[in-house]
Amino acid sequence: MSCVSHVSLSLHSKRGFDVRSFGTGTHVKLPGPAPDKPNIYDFKTTYEQMYNDLVRKDKELYTQNGILHMLDRNKRIKTRPERFQSCKEQFDLVITCEERVYDQVLEDLNSREQESLQPVHVINVDIQDNHEEATLGAFLICELCQCIQHTDDMENEMDELLQEFEEKSQRPFLHTVCFY
């Protein structure tokens, strides 16, 4: 799972999937007191440090908008955010939630030297960046992953499966196969 600033870890790990979550931006950006005043952190900053910083800045605001809850949940899953471009592990499937992130993931994967020729399916499901859409999107992505997991031949069934999900969800899906 990849997003720009790596702030939303998904429900997938609770559903039995081996999930890693990444950001693709140069920094982690969390909503601030105004749309033009985000809180910006380096990827080396721990969730605990972000949490404490926001409590110090305005505990009421960041409690009300759900950011402290999200950081509390994230810090129980892992210490700090990770940047996709810094990870050299190979995955079978990468899911993004914004077209710009999808493009960044493709750019990174296509710039790597191909070594194993292992395919990786990169899928984008556009999800608006708010709590309600993120929750609905998480369930949609989880259902998609369950269907992919139960295919007999992921390589040959993926296009048909994605078409079914597009019709069902009324959302466009982007899909590309890259190789490691």
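Our subject is the structure listed above.
Because the structure is predicted, anything quoted here is derived from the model rather than measured.

Participant: Mind showing me how you'd approach the overall build of the protein chain here?
Facilitator: When helices and strands are counted, the protein chain shows five helices and seven strands. Along the chain direction, N to C, the helices and strands of the protein chain fall in the order β-β-β-β-α-α-β-α-β-α-α-β. Against the compact-globule benchmark of 16 Å for 180 residues, the protein chain has a radius of gyration of 17 Å, which places it among compact chains. Each principal axis of the C-alpha distribution contributes one length, and for the protein chain these read about 50 × 35 × 30 Å. Going through the 180 residues of the protein chain one by one, you find that 43% of them count as buried. By sequence separation, contacts in the protein chain at least 24 residues apart represent 64% of the contacts at least 6 residues apart.

Participant: Please explain the side chain of Thr46 as it appears in this structure.
Facilitator: Structurally, Thr46 is set in the loop between strand 4 (39–41) and helix 1 (47–64). Leave out the neighbours within four places in its chain, and Thr46 touches Thr79 and Arg80.

Participant: Please clarify how the packing of helix 1 against helix 2 (residues 67–77) should be interpreted in this entry.
Facilitator: If you want to describe how two helices pack, look at the angle between their axes and the distance between the axes. For the pair helix 1 and helix 2, the least separation of the axes is 9 Å and the interaxial angle reads 160°. Taken together, the axis directions place helix 1 and helix 2 in an arrangement best described as roughly antiparallel. Two packed elements cross with a definite hand, and for helix 1 against helix 2 that hand is left-handed. Between helix 1 and helix 2, the residues in contact are Tyr47, Glu48, Met50, Tyr51, Leu54, Val55, Lys59, Tyr62 and Thr63 and Ile67, Leu68, Leu71, Asp72, Asn74 and Lys75, respectively. Looking at the contact of helix 1 with helix 2 residue by residue, the classes come out as nine nonpolar, two polar and four charged.

Participant: Is there a simple way to think about helix 4 (residues 131–149) in this case?
Facilitator: Owing to its 3.6 residues per turn, the α-helix aligns residues three or four sequence positions apart on the same side. Compared with an ideal rise of 1.5 Å per residue, which puts 19 residues at 27 Å, helix 4 spans 26 Å between its outermost C-alpha atoms and is within 8% of the ideal. Among the residues making up helix 4, those that are buried are Glu133, Gly137, Ala138, Leu140, Ile141, Cys142, Leu144, Cys145 and Ile148. Those residues of helix 4 that are buried are in contact with strand 5 (93–96), strand 6 (119–125), helix 5 (154–169) and strand 7 (173–179).

Participant: What am I meant to see in the nonpolar core here?
Facilitator: Nonpolar side chains in soluble globular proteins tend to end up buried together. In this structure, Ile123, Val125, Ile141, Leu144 and Phe173 are the most contacted members of the largest nonpolar core, which totals 17 residues. For this core, the secondary-structure elements that each account for two or more residues are strand 6, helix 4 and helix 5. When residues of this core are assigned to their parent elements, the largest contribution, six residues, is made by helix 4.

Participant: What am I meant to see in the side chain of Asn124 here?
Facilitator: With respect to the element layout, Asn124 can be found in strand 6. On the basis of relative accessible area, Asn124 is assigned to the buried category, the value being 1%. A polar side-chain atom of Asn124 sits 3.3 Å from a polar atom in the side chain of Asp126. With residues up to four places along the chain from it excluded, the contact list for Asn124 reads Thr96, Cys97, Glu98, Glu99, Tyr102, Pro172, Phe173 and Leu174.

Participant: Teacher, can you tell me more about helix 2 here?
Facilitator: Among the residues of helix 2, Ile67, Leu68, Met70, Leu71 and Asn74 are the ones counted as buried. Projection of helix 2 onto a plane perpendicular to its axis shows the buried side chains occupying an angular sector of 155°, all on one side. In helix 2, those exposed residues whose orientation departs by more than 90 degrees from the buried face are His69 and Arg76. Buried positions along helix 2 lie against strand 3 (28–30) and helix 1.

Reading the values: rules and limits
Residues numbered from 1 in each chain as written. Predicted model: local features only at pLDDT ≥ 70, side-chain atom pairs only at ≥ 80, totals over all residues. Heavy atoms only, no water. Helix = DSSP H or I, 4+ residues; strand = E, 2+ residues; numbered from the N terminus. Rg over C-alpha atoms; globule rule 2.2 N^0.38 Å. Buried < 20%, exposed > 50% of the residue type's maximum accessible area, 1.4 Å probe, protein only. Contact = heavy atoms within 4.5 Å. Axes fitted to C-alpha atoms, helices over the stretch in contact; angles between N-to-C directions. Parallel < 35°, antiparallel > 145°, perpendicular 65-115°, else oblique. Left-handed = near helix turned anticlockwise from the far one by under 90°. Nonpolar A, V, L, I, M, F, W, Y, C, P; charged D, E, K, R; others polar. Expected span 1.5 Å × (residues − 1). Core = buried A, V, L, I, M, F, W, Y, C linked by side-chain atoms within 4.5 Å. Polar contact = N/O pair within 3.5 Å; in protein donor to acceptor, adjacent residues only side chain to side chain. Arc of directions from axis to C-beta.

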